[in-house]
Amino acid sequence: MTSAAPRPADPDHLWSVDEHLEDILTTVHPLEPIELQLLDAQGCVLVEDVTVPVALPPFDNSSMDGYAVRVTDVAGASEEFPAVLEVVGDIAAGTADPVRVGPGQAARIMTGAPLPPGAEAVVPVEWTDGGLGEGPVTGMHARSLAPEGAAGHVRVHRSVEPRAHVRARGSDVRAGDRALEAGTVLGPSQIGLLAAIGRGTVRVRPRPRVVVMSTGSELVQPDEPLGGGQIYDSNSFALTAAARDAGAIAYRVGAVADDAVTLRSTIEDQLIRADLLVTTGGVSVGAYDVVKEALSDVGEAGGGVEFRKLAMQPGKPQGFGSVGPDHTPLLALPGNPVSSYVSFELFVRPAIRALMGLADVHRPRIRATLTADAPLSSPKGRRQFLRGIYADGEVTPVGGAGSHLIAALAHADALIVVPEDVESLEPGTEVETVLLR
């Protein structure tokens, strides 16, 4: 894997957030397109325009349960002076060869059924006596219970205009129209449209497979008892969920102990199902920072991972590169929960969206008015990302600046961005805000 952005040789170089992100996005490329069955393509991105092969609907059909009639036969009809028409048969949805409606005749028709030859409009059943010889009815009897309803006579109490209650052929889309554009993310409604126009497969970029693993001998699986000095592994759960939210197929690996050999072996085992690897923890300057120990000496044959210091808070230590024979991208994130999650939003989520082939890989950013009880401080030379709650053009900080304060993160739906050259933000200041939902 090669990068279009320069990587300084100086290990003490302080990367900006924008430099690190640019390096990632110029390195990570969209996955190759494949042909998938419709349901397998949910969440994927189209790589080509889809053209409508046949009109939708493919024939004129009824939008109501009622009677197919000729307009002249019901002109001037009322409850006092109804038009009495001969019922010549039933037309159900799926009927291939409907009966013809001639002068003085009507055919009982169901919603979605083809408009029969000779008919010009549909009279809703509520405007008729339903063939019962009494006043207006509210519906039809089931054919199995009252087969005689398809014969006899019906009294129509209201007139209709030509084409009333008729869905015209091609009124949704016409043959040759563009149904969906390349770059569309396929959700339920898009898949429904593809099925409606007869497409059983579609060419898309697959959802990227993301493997998430946390590191640390102190980490314990939820539901297991905690021993001395242990904590529950929350990062791998949060980041796996975040990867799925971004559109990926995400796999969570249990926490890996602080052992470089074990970590390298685990990564090698996971390469078979990964388009992107994400680790959390072990990237700082401690004696047990296993990710740096395991990956810093990976040779060129495996790509290589570089560990960096970024001018940001939280999330100063970061790692990025590639591993394995296919040069699978790897992003190494800090281990503190807030640092890990903020880093995911800023760097991993855009990488996932880039693998999907999306044009816009970023969360929405807006300007919002800061509401706070006191000014917010920020370290000089660092771009700070504070958790916040956004509503009606205002954003309010939630929780402190500590990178371990995960409870506040659960309530946040935005990140407040404090630029590198700002050390204090007064309430009422307009701030850049990243919307997380």
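As a further point, take helix 6 (residues 337-356). At Phe 344, helix 6 is deflected by roughly 45°, the largest bend along its length. Burial runs high along helix 6: 20 of the 20 residues are buried.

Attention now moves to the sheet that holds strand 8 (residues 105-109). For sheets, the rule is that strands pair by backbone hydrogen bonds, running either parallel or antiparallel. Read across the open sheet, the 5 strands follow the order 9-6-8-7-10; overall the sheet is mixed. The sheet terminates laterally at strand 9 (121-124) and strand 10 (153-156), the two strands that pair on one side only. Taken pair by pair, the neighbouring strands of this sheet meet at an average axis angle of 40°, ignoring direction. Where strand 7 (residues 83-91) meets strand 10, 4 bridges bridge the pair, whose relative direction is antiparallel. Looking at the pairing, Leu 85 lines up with Val 154 of strand 10.

Read across the sheet, 7 strands follow the order 1-19-21-22-18-14-17 without closing on themselves; strand pairing throughout is mixed. Two strands lie at the open edges of the sheet, namely strand 1 (14-15) and strand 17 (249-256), each paired on one side alone. Of the strands in this sheet, strand 14 (209-215), strand 17, strand 18 (276-280), strand 21 (317-323) and strand 22 (328-333) touch helix 4 (residues 260-270), which is tilted by about 165° from strand 14.

With that out of the way, let us pick up the confidence of the model for the protein. Overall, the prediction assigns the protein a mean pLDDT of 90, with 91% of residues at 70 or greater. Ranking the elements of the protein by mean pLDDT puts helix 7 (residues 406-409) last with 80 and strand 2 (residues 34-37) first with 98. pLDDT under 50 marks residues 1-6. Its contacts with residues more than four places away, or in other chains, come to 15 contacts.

Close approach of charged atoms lets side chains of opposite charge pair. Enumeration according to the criterion identifies 17 salt bridges in this entry. Between Arg 108 and Asp 90 there is a salt bridge; the shortest N-O distance is 2.7 Å. Placement of Arg 108 in strand 8 and of Asp 90 in strand 7 is noted, with a sequence separation of 18 residues between them. A salt bridge links Arg 252 to Asp 233; the nearest nitrogen and oxygen atoms lie 3.5 Å apart. Taken together, the positions of Arg 252 in strand 17 and Asp 233 in the loop between strand 16 (231-232) and helix 3 (235-246) put the pair 19 residues apart, joining distant regions of the chain. In this structure Arg 252 comes out as partly exposed when scored by relative accessible area, which is 24%. What you see here is one network of salt bridges that share partners, running through Asp 18, Arg 383 and Glu 420.

This paragraph deals with the packing of helix 3 against helix 6. Between helix 3 and helix 6, the shortest axis-to-axis distance is 10 Å and the interhelical angle comes to 30°. Classed by the angle they form, the pair helix 3 and helix 6 counts as roughly parallel. Taken as a pair, helix 3 and helix 6 cross one another with a handedness that is right-handed. Residues Asn 235, Leu 239, Ala 242, Ala 243, Asp 245 and Ala 246 of helix 3 form the contact with helix 6, whose own contacting residues are Pro 337, Ser 340, Tyr 341, Phe 344, Arg 349, Ile 352, Arg 353 and Met 356.

On to the environment of Ala 368, then. Of note, Ala 368 is situated in strand 23 (residues 365-370). Once the C-alpha coordinates of Ala 368 and Thr 396 are considered, the two residues, 28 residues apart in sequence, prove to be 9.5 Å apart. Ignoring anything within four residues of it in the chain, the contact list for Ala 368 reads Tyr 390, Gly 393, Glu 394, Val 395, Thr 429, Glu 430, Val 431 and Thr 433.

In this structure, strand 6 (residues 66-69) lies alongside strand 8, joined through 4 bridges in antiparallel fashion. The residue bridging Tyr 67 from the neighbouring strand is Arg 108, located in strand 8.

Running from N to C, helix 1 (residues 17-27) and helix 6 cross one another at 25°; their axes reach a closest spacing of 10 Å. It follows that helix 1 is roughly parallel to helix 6 by the angle criterion. When the axes of helix 1 and helix 6 are compared, the crossing they make is right-handed. For the pair helix 1 and helix 6, the contacting residues are Val 17, His 20, Leu 21, Ile 24 and Leu 25 in the first and Leu 346, Phe 347, Pro 350, Ala 351 and Ala 354 in the second.

Quick look at unusual backbone geometry now. Cis peptide bonds are those with omega within 30 degrees of zero, and the linkage from Leu 56 to Pro 57 qualifies with -5°. Although it is not a glycine, His 327 adopts a positive phi angle of roughly 55°. Taking the relative accessible area as the measure of exposure, His 327 reaches 25% and is therefore partly exposed.

Looking now at the nonpolar core. Counting 42 residues, the largest nonpolar core has Leu 276, Phe 347 and Ile 352 as its most contacted members. Of all elements in the fold, only helix 1, strand 14, helix 3, strand 18, strand 22, helix 6 and strand 27 (414-418) reach the threshold of two or more residues within this core. The leading source of residues in this core is helix 6, at 12 residues. Apart from the residues lying within four places of it in its own chain, the contact partners of Leu 276 are Arg 209, Val 210, Val 211, Thr 328, Pro 329, Leu 331, Val 348, Ala 351, Ile 352 and Leu 355. Met 213, Val 256, Leu 271 and Val 283 belong to the second-largest nonpolar core, a separate cluster that totals 20 residues.

The rules behind these values
- Residues numbered from 1 in each chain as written.
- Predicted model: local features only at pLDDT ≥ 70, side-chain atom pairs only at ≥ 80, totals over all residues.
- Heavy atoms only, no water.
- Bend = angle between axes of the 7 residues up to and from the residue.
- Helix = DSSP H or I, 4+ residues; strand = E, 2+ residues; numbered from the N terminus.
- Buried < 20%, exposed > 50% of the residue type's maximum accessible area, 1.4 Å probe, protein only.
- Pairing = 2+ DSSP bridges.
- Axes fitted to C-alpha atoms, helices over the stretch in contact; angles between N-to-C directions.
- Contact = heavy atoms within 4.5 Å.
- pLDDT = per-residue confidence, 0-100.
- Salt bridge = Lys/Arg side-chain N within 4 Å of Asp/Glu carboxyl O.
- Parallel < 35°, antiparallel > 145°, perpendicular 65-115°, else oblique.
- Left-handed = near helix turned anticlockwise from the far one by under 90°.
- Core = buried A, V, L, I, M, F, W, Y, C linked by side-chain atoms within 4.5 Å.

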